[in-house]
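# Observations on the three-dimensional arrangement
The lines below spell out each chain.
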Amino acid sequence: MQLEGQVRIPSGCAIAAAISRDGKTMTGEKIMNAMKPMHDRSNGLGGGFAAYGIYPEYRDLYAFHFFFKDRASRKDCEVFLKEYFEIVKSEIIPTRKIPEITDEPIIWRYFVAPLKSMVSSAQVDENEFVARMVMRVNIEVSGAYLFSSGKNMGTFKAVGFPEDVGRFYRLDEYEGYSWTAHGRYPTNTPGWWGGAHPFTLLDYSIVHNGEISSYDANRRFIEMFGYKCTLQTDTEVITYIMDYLIRRQGLTMNEASSVIAAPFWSTIENKTDTEDKEKHIYLRTMFPNLLVTGPFSIVFGFRGGLMALNDRLKLRSMVVGEHDDMVYIASEEAAIRVMDNNVKNIWAPSGGEPVIVKVREGVNI
Amino acid sequence: MSIEFIYPEFEVIRDQSRCIGCRVCQRQCANEVHSYDDDLKILKSDESKCVNCQRCVSMCPTRALKIVKSDCTLRENANWQNNTIKEIYKQANSGGVLLSSMGNPNPLPVYWDRILINASQVTNPPIDPLREPMETRVFLGKKPDKIERGKDGKLKCNLSPQLELSMPVMFSAMSYGSISYNAHESLARAAKELGIFYNTGEGGLHEDFYCYGDNTIVQVASGRFGVHEDYLKAGKGIEIKMGQGAKPGIGGHLPGTKIVGDVSRTRMIPEGSDAISPAPHHDIYSIEDLRQLVFSLKEATEYKKPVIVKVAAVHNIAAIASGIARSGADIIAIDGFRGGTGAAPTRIRDNVGIPIELALASVDQRLRDEGIRNNVSLVVGGSIRSASDVVKAIALGADACYIATAAVLAMGCHLCRTCQSGKCNWGIATQRPDLVKRLNPEIGSKRLVNLMNAWRHEIKELMGGMGINSIEALKGNRLMLRGVGLNDRELKILGISHAGE
Amino acid sequence: MKRVYADEKWCLGCHLCEYNCAFANSGTEDMVKALKDKIVYPRIHIEDTGKITYAVSCRHCEEPLCVKSCISGALGIENGVIKIDKDKCVSCLTCILVCPYGALSEGDGGAVQKCELCLENSCGEPACVKGCPNRALVYEERCDV
């Protein structure tokens, strides 16, 4: 059977997220519990979490999470990394042996800073440099898979049900202000850990439920700009699209969602606000190849916030709830109620309408 | 029987038991196949003049006529086929170059027919175009590398001029001269009603049609016929024609007999003089010269019109397209080897150039590999026959398609492939007033509109089946395609997997 | 009232209107049976000047000279349509003489015949218009008659 990345595997999913607008931290317990009532939305072939604010002591370093096939590939990878980065800390990611999770690879993390001389000789900014190195490591270093590369955040994923994956990674011992989770229902997979979600690049992470019909149009376009879609998953390509639009083009979160879930032309034409109308016409004309069609609900995580977005026809369920400083997002309302039984103000955002939640200004994240 | 005798290719079969002697066949045949015998009171035919245009067959009110292929054959020979032998007789007799019209009729591979389209099942839903919006609008033109913001932080519109199409199909270049006034009027009216474009070809723009300017692309070709400032400004876009799929590497020749009246005035050449378009543009011998012409045209039109560069699909098309994409052109039009023509040397039409499917796939990939796909839009033509061909072309990477053969078929053409005779019985490829009037633009434009609306419906159905509700999401979406019966090399060039993979 | 109008710009002179007319008024369902080896009596005819061609049929005038001049009362107006009662016609041909358009003619059997817009034959709408290949004949309401 072909590995994920050699073949495109469609999948259905469950997603959930929780964030404190005050930047208050919580353990991973809450989000792990949220996945339990949505058990049937996954099939045990992938689960994962992204957590923001978990490495405050290494806030300014890139946290690289790796899967290694064996010791040799880890050694090779370190040789590669050392050429471009200063490795400040290197350690195994602590896990708990449980019967539900088996066949784990070597799971390692490095806290690194790119070498200044390397960044300046590449003539790009630091983030772009790191993004390029992430692509290179994953293509060039055999047996190594770099699946998390942001600052003060990390991704944890495995083959298994999400609630088990959380226990395996001991997420109850981490504290973060923002969490996202994913349970996967792939239609066919040899069960490769790298194929689980969330998918991340730098600080950006995506959990996604759906199967987009625009995949190859998006992929072939985004690959022009140095991205390499090695996994062939929707989540991967959407992450790159968001990175391209926000970090590289400088669009706002709202503008980016108007690109990927653009309003219909008829909706744009009926807009009475001329400025808004022209903005949408411009965005659709400028970035036609990044329109994403087909069903999707995504939660896009970034430093200091979350954005939830549905495809413009709303072909996937997604609800949002609020309570004081907390905002919850999930595929099903039940998941939100597990996280907070007193949740207020539950609503289902319309297709194409982004819900953007940001931690208050002034909070050190 | 003399040595140059060639038995007629077709037989006119008249069912005398049905013929009512109305003589419509006789009146409608410009080739004078039919005649009425006053003594015998019957209609007779001289099949040696028949080109099988089916005009008489279509007009006969009692279906008394049919045209069939003659079964008088030479001895069968797989190598020396009948047609090959007859061509040798013709050349031995005339000493001339053989001429043909319309596209390459030979049984070369049609890759469209070896490509199949995907549909959604279970893991994502198909979309019903009758219930949900389904968008087919496209914008052709260069897209800037970066967004720009004003001082107030608002997005600035930094787009260069774009062509807006309600659906990704346009009528490709056919000159006034090669086709009739009424054919041009039909195309112009249909383009306007549909919100797409038609193309003047290299014959200038008749003064009556300036009113359709917003749906017109004006062409500048190597003969520069009919080109002047107002002409350039009349259309919404300008096309530089470097080549044509039916006859790459050679120019054009409209005989003086067709340069009459308005055709001569519109082309700005004397009546009766042959209109000869040179093989190259004599001011373009290299890519840097092309760049100069692109910018000359942009200067002349104050940078308000996108410039299309049309080339024939030839072996090195990917590199050529890459050069054009860096020349300042906004759109590249590629014409495949099955594209039609009003007249071309048979040997060239049938043996030069490559299939559009392969050209498109390699150009699109090459421009992406070089990161310059956004510099230009890609329009492809050369035998786009149906809505599914359009969908496959878009999924391979085209922004839009050019159609001409399908358009003339809609107007009545029966592909008899004798446009070069100037005696088109359907009023399309002719300048003879009594024949031109046979195409009433009211009917012609309506039929073109019908055809395009039908295709638009079909495109939407196919898109909906794939779970795609906007044409942008189909562009370059090669995962939606699979090949059947193609070898590894072909699949690799097309950038698609085989069915079952 | 809807009338048949000819547009010489699009008339090809193919004469199909004549045959379609004769067929529609033949009472037969088979065109071959109706017209083969017979003299055809159409109620519309093509004028051919050598340069232009156009079809002529009854204009259904509001004050028709033919009706006024009919000595036997065979011609009359019914809902604006000028009709002929063949049984009453005595074949004096006065109507043919007075019609400024030349739209009446002598039919098979001697009685005068004219276009009655196919309202009562099997076609139901003017057969000439229906069969015109280039829309040189139209059947429509125009106010400036």
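Since this is a predicted model, take the numbers as computed values, not measurements.

The rules behind each value
- Residues numbered from 1 in each chain as written.
- Chains lettered and ligands numbered in written order.
- Predicted model: local features only at pLDDT ≥ 70, side-chain atom pairs only at ≥ 80, totals over all residues.
- Helix = DSSP H or I, 4+ residues; strand = E, 2+ residues; numbered from the N terminus.
- Rg over C-alpha atoms; globule rule 2.2 N^0.38 Å.
- Buried ≥ 20, exposed ≤ 12 C-beta atoms within 10 Å, placed from the backbone.
- Contact = placed C-beta atoms within 7 Å.
- Nonpolar A, V, L, I, M, F, W, Y, C, P; charged D, E, K, R; others polar.
- Expected span 1.5 Å × (residues − 1).
- Arc of directions from axis to C-beta.
- Domains from an automatic or database assignment.
- Pairing = 2+ DSSP bridges.
- Axes fitted to C-alpha atoms, helices over the stretch in contact; angles between N-to-C directions.
- pLDDT = per-residue confidence, 0-100.
- Parallel < 35°, antiparallel > 145°, perpendicular 65-115°, else oblique.
- Left-handed = near helix turned anticlockwise from the far one by under 90°.

Attention now moves to the overall build of chain B. For chain B, the count of helices and strands is 15 helices and 23 strands. Dimensions of chain B, computed from C-alpha atoms along their principal axes, come out at roughly 90 × 60 × 45 Å.

With that out of the way, let us pick up the overall build of chain A. Scanning chain A from terminus to terminus reveals 11 helices and 18 strands. Here the C-alpha radius of gyration of chain A, 19 Å, is about what a compact globule of 365 residues would show, namely 21 Å. Here the C-alpha coordinates of chain A stretch approximately 60 × 50 × 50 Å along the principal axes. Sorting the 365 residues of chain A into buried and exposed places 53% on the buried side.

Time to look at the interface of chain B and chain C. Contact residues are listed per partner, giving 14 residues for chain B and 16 residues for chain C. Breaking the side of chain B that touches chain C down by element, the ones donating at least two residues are α1 (24-28) and α14 (441-465) of chain B. For the side of chain B that touches chain C, the leading source of residues is α1(B), giving three residues. Split by residue class, the side of chain B that touches chain C holds six nonpolar, three polar and five charged.

Once that is clear, we can look at the interface of chain A and chain B. The partner chain B presents 33 residues to the 33 residues of chain A that form the contact. Only α6 (215-222), α9 (265-269) and α10 (274-286) of chain A provide two or more residues apiece to the side of chain A that touches chain B. Of the residues assigned to the side of chain A that touches chain B, the class counts are 15 nonpolar, 12 polar and six charged.

Residue and element names in this part refer to chain B. Helix length check: helix α7 (residues 287-300) (14 residues) gives 20 Å between terminal C-alpha atoms against 20 Å at 1.5 Å per residue, within 8%. Taken residue by residue, α7 has Leu290, Leu293, Val294, Leu297 and Lys298 as its buried positions. Projected down its long axis, α7 carries its buried residues within an arc of 135 degrees, all on one side. Across from the buried face of α7, at angles greater than 90 degrees, the exposed residues are Glu288 and Glu299. The inward-facing, buried residues of α7 abut β13 (216-220), α5 (229-234), β14 (237-241), β17 (307-312) and α8 (317-325). Just downstream of α7 lies Glu302, where phi reads positive at about 55 degrees.

All names here are of chain A. Positionally, Val327 belongs in strand β16 (residues 326-330). Along the chain, Val327 and Ala17 lie 310 residues apart, while their C-alpha atoms are 8.2 Å from each other. Sequence-distant contacts of Val327, that is, excluding residues within four places in its chain, are made with Ile19, Arg21, Val320, Glu322 and Val357.

Attention shifts here to the domain arrangement of chain B. Residues and elements named next belong to chain B. Entries for chain B in the domain assignment read domain 1 (10-96) and domain 2 (138-145 + 167-498). Between the C-alpha centres of domain 1 and domain 2 there is a distance of 33 Å. Taken together, the contacts link nine residues of domain 1 with seven residues of domain 2. Here the side of domain 1 that touches domain 2 is composed, by residue class, of four nonpolar, four polar and one charged.

Residues and elements named next belong to chain B. Across the sheet, eight strands lie side by side as β11-β21-β20-β18-β17-β14-β13-β12; this open sheet has parallel pairing. Whereas interior strands pair on both sides, the edge strands pair on one side only; in this sheet they are β11 (169-171) and β12 (198-199). The pairing of strand β20 (residues 377-381) with strand β21 (residues 400-403) spans two bridges and is parallel. Its bridge partner being in β21, Val379 is matched across the sheet by Ala400.

Moving on, we come to the arrangement of the chains. Out of two pairs of chains that touch, the pair holding the most contacts is chains A and B. At the level of C-alpha atoms, the two units chain A and chain C stay apart, their nearest approach being 37 Å.

Our focus in this paragraph is helix α10 (residues 356-369) of chain B. Residue and element names in this part refer to chain B. In this model α10 runs 19 Å from its N-terminal to its C-terminal C-alpha over 14 residues, within 8% of the 20 Å that 1.5 Å per residue would give. Taking burial as the measure, the 14 residues of α10 include 10 buried ones, the bulk of the element. Those residues of α10 that sit buried are Ile356, Glu357, Ala359, Leu360, Ala361, Ser362, Val363, Asp364, Gln365 and Leu367. The positive-phi residue at the C-terminal boundary of α10 is Gly371, with phi of around 70 degrees.

Another aspect to go through is unusual backbone geometry. Residue and element names in this part refer to chain A. Here the bond from His197 into Pro198 is cis, since omega is 15 degrees, no more than 30 degrees from zero. We note that Asp103 has phi near 60 degrees; this positive angle belongs to a residue other than glycine. Inspection of the secondary structure puts Asp103 in the loop between β5 (85-92) and β6 (106-114). A residue is classified by how many C-beta atoms lie within 10 Å of it, and Asp103, with 9 of them, is exposed. Backbone geometry at Lys314 places phi at a positive 50 degrees, although glycine is not the residue there. With respect to the secondary-structure elements, Lys314 resides in the loop between β14 (305-310) and β15 (319-323). Assessed through the 18 C-beta atoms surrounding it within 10 Å, Lys314 is described here as partly exposed.

Another aspect to go through is the environment of A:Ala131. Residue and element names in this part refer to chain A. As for its placement among the helices and strands, Ala131 is situated in helix α4 (residues 126-140). Residue classification places Ala131 among the buried positions, given that 22 C-beta atoms sit within 10 Å. Linking Ala131 and Tyr227, residues 96 residues apart in sequence, is a C-alpha distance of 8.7 Å. Those residues within four positions of Ala131 in sequence are excluded, and the remaining contacts are Leu201 and Leu202.

On to the sheet that holds β5(A). All names here are of chain A. Across the sheet, four strands lie side by side as β5-β6-β4-β7; this open sheet has antiparallel pairing. One side of each edge strand has no neighbouring strand; the edge strands of this open sheet are β5 and β7 (144-148). On average, each strand axis in the sheet is inclined to that of its neighbour by 30 degrees, with strand direction left out of account. Sheet topology note: the strand β4 (residues 62-68)/β7 ladder contains four bridges and is antiparallel.

All right, on to the confidence of the model for chain B then. When pLDDT is averaged across chain B, the result is 95; 100% of the residues are at 70 or more. Listed scores for the predicted complex are pTM 0.93 and ipTM 0.92.

Attention now moves to the environment of A:Tyr84. Residue and element names in this part refer to chain A. In this structure, Tyr84 sits in helix α2 (residues 71-84). Taking the C-alpha atoms as reference points, Tyr84 and Phe129, 45 residues apart in sequence, are found 9.7 Å from one another. Discounting chain neighbours no more than four positions away, the residues touching Tyr84 are Pro114, Leu115, Met118 and Met133.

Residues and elements named next belong to chain B. It is at 8 Å that the axes of α8 and α10 come closest, and there the two elements cross at 50 degrees. Looking at the two axes, α8 sits oblique to α10. By crossing handedness, the relation of α8 to α10 is classed as right-handed. Of α10, the residues touching α8 (which contributes Ile317, Ala318, Ala321, Ser322 and Ala325) are Ala359, Ser362, Val363, Arg366 and Leu367.

Take the pairing of β15(A) next. As paired strands, β15(A) and β16(A) are joined by five bridges and run antiparallel to one another. By the bridge assignment, A:Gly321 is partnered in β16(A) with A:Tyr328.

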